[in-house]
Amino acid sequence: MRHLEGAYALIFKSRHYPNELIACKRGSPLLLGVKELNEGVCNASAFHDAKFLSKNGNPKELFLSSDANALIEHTKKVLVIEDGEVVHLKEGGVSILKFDNEKGRNGGSLSRPASVQRALSILEMEVEQINKGKYEHYMQKEIHEQPESLTTTMRGRLIRGGSCKAKTVLLGGLKDHLKTIRRSRRIVFIGCGTSYNAALAARPILEELSGVPVTMEIASDLLDRQGPIYREDTAVFVSQSGETADTLHALEYALENGALCVGITNTVGSVIARKTHCGVHINAGCEIGVASTKAYTSQIVVMAILALAIGGDTISNQERREAIIDGLFDLPNKIRDVLKLDQEMKDLAKLLIAEQSLLVFGRGYNYATALEGALKVKEVALMHSEGILAGEMKHGPLALVDENLPIVVIATRDACFSKQQSVIQQLHARKGRLIVMCSKGDAASVCSGGACRVIEVSYVEDCLQPVVNVVPLQLLAYHLTVLRGYNVDQPRNLAKSVTTQ
Ligand code: UD1
Ligand code: BG6
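Our subject in this report is the structure included herewith. (Residues numbered from 1 in each chain as written. Chains lettered and ligands numbered in written order. Predicted model: local features only at pLDDT ≥ 70, side-chain atom pairs only at ≥ 80, totals over all residues. Heavy atoms only, no water.)

Considering the site of ligand 1
Surrounding ligand 1, one finds 13 residues, the nearest of these being R157, G173, T276, G279 and H281. In this structure, G173 approaches ligand 1 through a main-chain N or O atom, which is 2.8 Å from an oxygen atom. The contact in question runs from an oxygen atom of ligand 1 to an N or O atom on the backbone of G263, over 3.3 Å. Contact with the protein chains covers 54% of the free accessible surface of ligand 1, which is 740 Å². Mapped by element, the contributors of at least two residues to the shell around ligand 1 are β14 (260–265) and β15 (278–281). The greatest single-element share of the shell around ligand 1, amounting to four residues, is contributed by β15. By residue class, the composition of the shell around ligand 1 is five nonpolar, seven polar and one charged. (Near = heavy atom within 4 Å. Polar contact = N/O pair within 3.5 Å; in protein donor to acceptor, adjacent residues only side chain to side chain. Areas by Shrake-Rupley, 256 points an atom, 1.4 Å probe, with all protein chains shown as cover. Helix = DSSP H or I, 4+ residues; strand = E, 2+ residues; numbered from the N terminus. Nonpolar A, V, L, I, M, F, W, Y, C, P; charged D, E, K, R; others polar.)

See the structure below:
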């Protein structure tokens, strides 16, 4: 360990030390699972030695894994191994030693007395969560379970009715920090991939309700630039896994610079959840498909609730706040509605199956939807795809438009609608091959004369519209991938948790 650089989680065995295992880690996750076997279930002869028995006399099995998902079918009891700890399994016994890097450097060695005692944690997940159920792929299952995952994300966090009639929100993990966040000089969102896109989708509502400037940072870029982070900043780290190396290093950097660090993660006990000062678990349930779907929509919803929690409850914004809270309550139903487009998206995928490229134009709240839709297509369908800010159309992208290149334009009802209508007209004038996403009933006003294909989605409050709008694009990416014959859950060259830089 003294010689290794960077992040790792390693397990060693050796023919010279039979029946022993050594595991150690830095940066990357490592869990020790402990399963107590009941009589009858176990093969008693393998456990005749008292060392293999738990305190209550039951035989035990031990597991080492980098991910709780691999442990859950065996046991819920785990110990989260910390950086610098060495796990030693020998003859049924476990000892955890603290590796003192400095001591080693000065010629000392790892000594047994430094053994540490820690309590086991219980994983809050069920085996069913990691089964595909009636679906063929995890990505498909995760897209279709969004009405339920969003319900779980919002459970206990929206308050409507009761003795005080007011509609309000509650984020247990943040309530003691809201004052500090409101007073901060700016809020900086930091993340990678889909998590960055989710933060981008939530940025306008956070700016509107809090009045605090909100800036965006891709974690690796912040680190490359060593961009300024101040004590007066609130840095919000968005990460589904809570283990992404770049986001984690950016967190360490922000902690060194004295900012208040807030986590938004899906994984209780993950390193980002533990190292942030406070935060919110999105509770979307375990996500297995490499391409993030349900975590994305839950992240946006949590950040919309965050905006409501930070924003002042003034008379002038009461109507807006209540409309958003009502919209959140109704969101699972709206997602059920939009999931009915499954066959329509499959038919569209059949038309696009042989294309080389797909552009997605969005703006305002739905610039993030354009980036995320394109990222999904790129990640799993292995087709070139770009999300483009429609306001930038004339500054380059227009040169690509011809009668062959398919272009999705997101033009649902919001403050940018008339600008998007004008974009559609200009693309149309250049014979663009358009697929327009619009609010139900708007087909004629976005596409007169039936000159383009239309995807109609339910209307919701503008800041929640990205949650609805991304679903048809997730379905499109899914069907394109299956039709093109690629691996949808484990796309080429990609990993679910990117724990190295
Ligand atoms: C918590 C409980 C939940 C319980 C609810 C009852 C946990 C994990 N959650 O949910 O089971 O039903 O109270 O009121 O026990 N945190 C971070 N960084 C992060 C994410 C979270 O520091 O990235 C911290 C929070 O500040 C908080 C704790 O973790 O102290 C739990 O956060 P969260 O699960 O979001 O809190 P509640 O929704 O209140
Ligand atoms: C990887 C995943 O690239 O990491 C993406 O394949 C994900 O789906 C990105 O968006 C960031 O991961 P996380 O766990 O920090 O949200």
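Now that the structure has been shown, we can carry on.
As for the state of the cysteines
This model, assessed by the stated rule, comprises one disulfide. The side chain of C447 participates in a disulfide bridge whose partner is C452; the two sulfur atoms lie 2.4 Å from each other. There is no split in this pair, since C447 and C452 are both buried. A disulfide-free cysteine, C278 has its sulfur positioned 8.8 Å from the sulfur of C261, the nearest such atom. The structure places no disulfide on C463, whose sulfur is separated from the nearest cysteine sulfur, that of C416, by 13 Å. With relative accessibility at 2%, the residue C463 sits in the buried group. (Disulfide = S-S within 2.5 Å. Buried < 20%, exposed > 50% of the residue type's maximum accessible area, 1.4 Å probe, protein only.)

As for the site of ligand 2
Neighbouring residues of ligand 2: 14 residues in total, closest S195, S239, Q240, S241 and T244. Note that an oxygen atom of ligand 2 is positioned 2.7 Å from one of the backbone N or O atoms of Q240. Contacts to ligand 2 include V290, whose backbone N or O atom sits 3.1 Å from an oxygen atom. Here ligand 2, which alone exposes 390 Å², has 90% of that area covered by the protein. Per-element tally for the shell around ligand 2: the top contributor is helix α6 (residues 193–210), with three residues. Along the lines of polarity and charge, the residues of the shell around ligand 2 split into four nonpolar, eight polar and two charged.

Describing the side chain of S357
As for its placement among the helices and strands, S357 is situated in strand β16 (residues 357–362). Residue S357 is classed as buried on the basis of its relative accessible area of 14%. At 2.7 Å, the side chain of S357 forms a polar contact with the side chain of H384. What S357 contacts, discounting residues up to four positions off in sequence, is M383, H384, L405 and P406. (Contact = heavy atoms within 4.5 Å.)

Points about the sheet that holds strand β2 (residues 20–26)
An order of β1-β2-β6-β7 is seen for the four strands of this open sheet, with the pairing classed as antiparallel. Where the open sheet ends on each side, the last strands, each with one partner, are β1 (8–12) and β7 (93–98). The average undirected angle you get between the axes of adjacent strands in this sheet is 15 degrees. Relative to strand β6 (residues 85–90), β2 runs antiparallel, the two sharing five bridges. Within the sheet, the bridge partner assigned to E20 lies in β6 and is K90. (Pairing = 2+ DSSP bridges. Axes fitted to C-alpha atoms, helices over the stretch in contact; angles between N-to-C directions.)

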